[in-house]
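# Examining the three-dimensional arrangement
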Amino acid sequence: MSNTDTIVESIEWRDDHVRILDQTYLPNREVYSDIRDVGRMWEAIKKLRVRGAPAIGIAAAYGFYLGIKELPENAFESFWVEVERVADYLETARPTAVNLHWALERLKTTIQAHKDKDISEIKDIVLETAKTIHAEDKRTCKKIGENGVELVPKEARILTHCNTGSLATGQYGTALSVIFHAHEEGNKLQVWVDETRPLLQGSRLTSWELMNAEIPMKLITDSTAGSLIRRGEVDMVIVGADRVASNGDTANKIGTYPLAVLANENDVPFYVAVPLSTIDIELENGEDIPIEERDGDEIASFNDSKVAPKKVETYNPAFDVTPHRYVTAFITEEGIIKPDFDENFKALFED
Ligand SMILES: CSC[C@H]1O[C@H](OP(=O)(O)O)[C@H](O)[C@@H]1O
């Protein structure tokens, strides 16, 4: 068994509930939580107990099932009203990662096609579709990793931002899947891991995943990345994404945009690893991507102790948008997508 097959799974359907690895406790404790209702799933997504665009989509799909599974089976009209309400409720958990919306739309479209069936059958279809979305994502992320290996030099110093590993997806990850697979192929890697303030997905989660996989890495502050790039100590940057517009403008964790500009300025390739489920093909460009603004206390406190004066004013956007001109290529399950992104993405989405 290759060591990529032993990579952790952050979310799992178990008989009648969802089991998640609660990422807010990592890396110090591996705490698993059983989620049995849609309200708990909404809270888990909101608090980043489960996080990362693909994982959020999978979690929302299971959450949707949890939200409808107890609905009465003899009240047809109110069932369909509740279906919309549950989907709308889950959509409010986090606005930027398009996978949340994509998964819910896919579930609603699927059951619309079975409107003539009994409610109990429709509930079963929802659960089966959620499991399919989950299984597809594992295969998709493995493929992203396999496709990305061709871009990784035999010896490479790779910089990455936030967490894009198995924890952020069904398994393997996106940008980290490329790193896992290149390592598996025998490439000599060293990964620069941005800590990724304020929630430290890099230091807490990416470090944990890479050390578990025994991949050489060094943890750095976000503000160190620029001088490493300037000094020629970074051979490539690979990040994930939360929403990609049809022209290639990319929303990702805050701090991605400056990395892209610095990589471009220093002729370092900047890659975005992303499943097609994160591409919002209806969106013309990145201007209208909703950017989640989170509680300022995430900046003003650390481990429940204040690191800023009481009542300090804050601004805490969780994502930024990188214009497509700074992206060298996208690494997807369908292969490497180079400019013109508009044309090439549309070709991928043609029926
Ligand atoms: C593979 S998607 C990972 C993506 O999601 C992260 O955001 P968050 O930790 O807030 O869910 C970050 O933007 C990653 O690139």
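The model shown is predicted, which means the values in this text are computed figures rather than measured ones. (Residues numbered from 1 in each chain as written. Predicted model: local features only at pLDDT ≥ 70, side-chain atom pairs only at ≥ 80, totals over all residues. Heavy atoms only, no water.)

### Quick look at the overall build of the protein
Assigned secondary structure in the protein consists of 11 helices and 16 strands. A compact globule built from 351 residues would reach a C-alpha radius of gyration of about 20 Å, and the protein, at 20 Å, matches this within 12%. By its C-alpha atoms, the protein is 70 × 50 × 45 Å across when sized along the principal axes. Taken across its 351 residues, the protein has 56% of its residues classed as buried. (Helix = DSSP H or I, 4+ residues; strand = E, 2+ residues; numbered from the N terminus. Rg over C-alpha atoms; globule rule 2.2 N^0.38 Å. Buried < 20%, exposed > 50% of the residue type's maximum accessible area, 1.4 Å probe, protein only.)

### Notes on the site of the ligand
Around the ligand there are 18 residues in total, and R51, R94, D242, N252 and K253 lie nearest to it. A distance of 2.4 Å separates an oxygen atom of the ligand from a polar side-chain atom of D242. Between the ligand and N252, the relevant distance is 2.5 Å, taken from an oxygen atom to a side-chain nitrogen or oxygen of the residue. Burial of the ligand by the protein chains amounts to 100% of its free accessible area of 400 Å². Using a 2 Å cut-off from the grid points, one finds that the ligand occupies the largest cavity. Mapped onto the shell around the ligand, the elements with two or more residues apiece are α2 (53–68) and β9 (250–253). The class makeup of the residues in the shell around the ligand is seven nonpolar, seven polar and four charged. (Near = heavy atom within 4 Å. Polar contact = N/O pair within 3.5 Å; in protein donor to acceptor, adjacent residues only side chain to side chain. Areas by Shrake-Rupley, 256 points an atom, 1.4 Å probe, with all protein chains shown as cover. 1 Å grid on protein atoms, 1.4 Å probe; cavity = no way out; pocket = protein on both sides within 12 Å on 5 of 7 lines; lining within 4 Å. Sits in = over half its atoms within 2 Å of the grid points. Nonpolar A, V, L, I, M, F, W, Y, C, P; charged D, E, K, R; others polar.)

### Describing a negative patch on the surface
The grouping of D116, D118, E121 and D124 at the surface amounts to a negative patch. Position of D118 among the secondary structure elements: in the loop between α4 (98–112) and α5 (119–148). (Patch = residues over 30% accessible without salt bridge, like charges linked within 9 Å, V, L, I, M, F, W, Y side chains within 5 Å. Salt bridge = Lys/Arg side-chain N within 4 Å of Asp/Glu carboxyl O. Lys, Arg positive; Asp, Glu negative; His and termini not counted. Charge placed at Lys NZ, Arg CZ, Asp CG, Glu CD.)

### Topic: the UniProt feature "active site" (unreviewed entry) in the protein
Residues given the UniProt feature "active site" (unreviewed entry) here are D242. Structurally, D242 is set in the loop between β7 (236–239) and β8 (243–245). With residues near it in sequence (within four places) discarded, D242 still touches A53, T96, A97, V98, N99, A251, N252, K253, T278 and F319. (UniProt positions renumbered as here; feature names shortened; annotations may be inferred. Contact = heavy atoms within 4.5 Å.)

### A short note on the sheet that holds β9
Across the sheet, which stays open at both edges, the four strands sit in the order β11-β8-β9-β14 with mixed pairing between neighbours. Only two strands of the sheet have a single partner each, and these edge strands are β11 (279–280) and β14 (319–322). (Pairing = 2+ DSSP bridges.)

### Notes on the layout of surface pockets
Estimated volume of the largest pocket: approximately 950 Å³. T24, L199, R204, N303 and D304 are the residues nearest the centre of the largest pocket, which is lined by 23 residues in total. Secondary-structure elements contributing two or more residues to the lining of the largest pocket are α10 (297–300) and β12 (301–302). Of the residues that constitute the lining of the largest pocket, the class distribution is eight nonpolar, four polar and 11 charged. Two domains share the lining of the largest pocket, each providing at least three of its residues, namely domain 1 (3–142) and domain 2 (144–350). Considered as a void within the structure, the second largest pocket measures approximately 390 Å³ in volume. (Points joined across faces, edges and corners; volume = space filled by probe spheres on them. Domains from an automatic or database assignment.)

### Focus: the nonpolar core
By size, the foremost hydrophobic cluster in this structure holds 43 residues, and its most contacted members are V18, I45, Y62, F64, I68, F79 and I111. Take this core: its biggest share by element is 12 residues, from α2. Each residue touching I111, except ones within four places of it in the same chain, is listed here: F64, W80, V83, I122, I125 and V126. Counting residues in hydrophobic clusters, the runner-up holds 27 residues, among them V239, V274, I281 and V327. (Core = buried A, V, L, I, M, F, W, Y, C linked by side-chain atoms within 4.5 Å.)

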